[in-house]
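# Understanding the architecture of this molecule
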Amino acid sequence: SGQPRSAKAQRELSPEEQQELRRKINSRERKRMQDLNIAMDALREVMVPYVSSPSSASSSQSQNPGVAPGRRLSKISTLILARNYILLLGSSLQEMRRLLGELTMGMGINTGPVSRLLLTGGWPLISSPSHILL
DNA sequence: TAGGCCATCTGGTCCT
DNA sequence: AGGACCAGATGGCCTA
């Protein structure tokens, strides 16, 4: 009973049927990995301006270790950069909130919908970047 | 030539 | 039961 059902069921098949089943499983796995790569490419596309901007290109070695300038981002580099970018956006938003708070409270400025959203942390994902850490 | 990156195959496990 | 997900193994390609 220690054997997994699929392996047991597989052994009861004829060699031809086993081969056909293997082909189907391999094909599904290939498709799954291809979908994953499509998603990775989409993420790369978002990250490209962040990585290859002229200002960061020269200093990319210190800021983005493992990222070779002019080359396609590896999967691991894409994920690490995306994480760093999200953290950066989170802290930028926090700073914006702080400045907006100083402005509106210190000067009695009437807050519009955008500033109200920022001040009240209307976007939980960004207001708490740690929620989306791996 | 060594090391990094990647695609593919495979068997096991989890989920519906 | 079948499909999705995962991790290990393997071999190919490319670059320093």
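What you see is a predicted model, and the numbers here were worked out from it, not measured in a lab.

Before going further, it helps to spend a moment on the overall build of chain A. For chain A, the helix and strand inventory stands at 7 helices and 0 strands. In chain A, the proportion of contacts linking residues at least 24 apart, taken out of those at least 6 apart, comes to 48%.

Attention shifts here to the pattern of salt bridges. Summed over all chains, the structure comprises 6 salt bridges. Here E20 makes a salt bridge to R23, at a shortest N to O gap of 3.2 Å. Here E20 pairs with R23, and both are found in helix α2 (residues 15–52), just 3 residues apart, close to one helical turn. E20 gets classed as partly exposed once you look at its relative accessible area, which sits at 38%. Note that K31 is salt-bridged to D35, the shortest N-O span being 2.9 Å. Taken together, the positions of K31 and D35, both in helix α2 and 4 residues apart, correspond to about one turn of that helix. Through salt bridges with shared partners, one network takes in E95, R98 and E102.

Its place among the elements puts S74 in the loop between α4 (60–63) and α5 (75–107). Its relative accessible area of 33% is what places S74 among the partly exposed residues. When the C-alpha positions of S74 and M40 are compared, they lie 9.5 Å apart, and in sequence the two are 34 residues distant.

Turning to the confidence of the model for chain A, a few remarks are in order. Averaged over every residue, the pLDDT of chain A is 73; residues scoring 70 or more account for 55%. The secondary structure element of chain A with the lowest average pLDDT is helix α3 (residues 54–58), at 36, and the one with the highest is α5, at 93. Every residue in residues 53–63 scores below 50 in pLDDT, and together they form 9 contacts with partners more than four places removed in sequence or on other chains. pLDDT under 50 marks residues 123–134. Its contacts with residues more than four places away, or in other chains, come to 11 contacts.

How each quantity is defined
Residues numbered from 1 in each chain as written. Chains lettered and ligands numbered in written order. Predicted model: local features only at pLDDT ≥ 70, side-chain atom pairs only at ≥ 80, totals over all residues. Heavy atoms only, no water. Helix = DSSP H or I, 4+ residues; strand = E, 2+ residues; numbered from the N terminus. Contact = heavy atoms within 4.5 Å. Salt bridge = Lys/Arg side-chain N within 4 Å of Asp/Glu carboxyl O. Buried < 20%, exposed > 50% of the residue type's maximum accessible area, 1.4 Å probe, protein only. pLDDT = per-residue confidence, 0-100.

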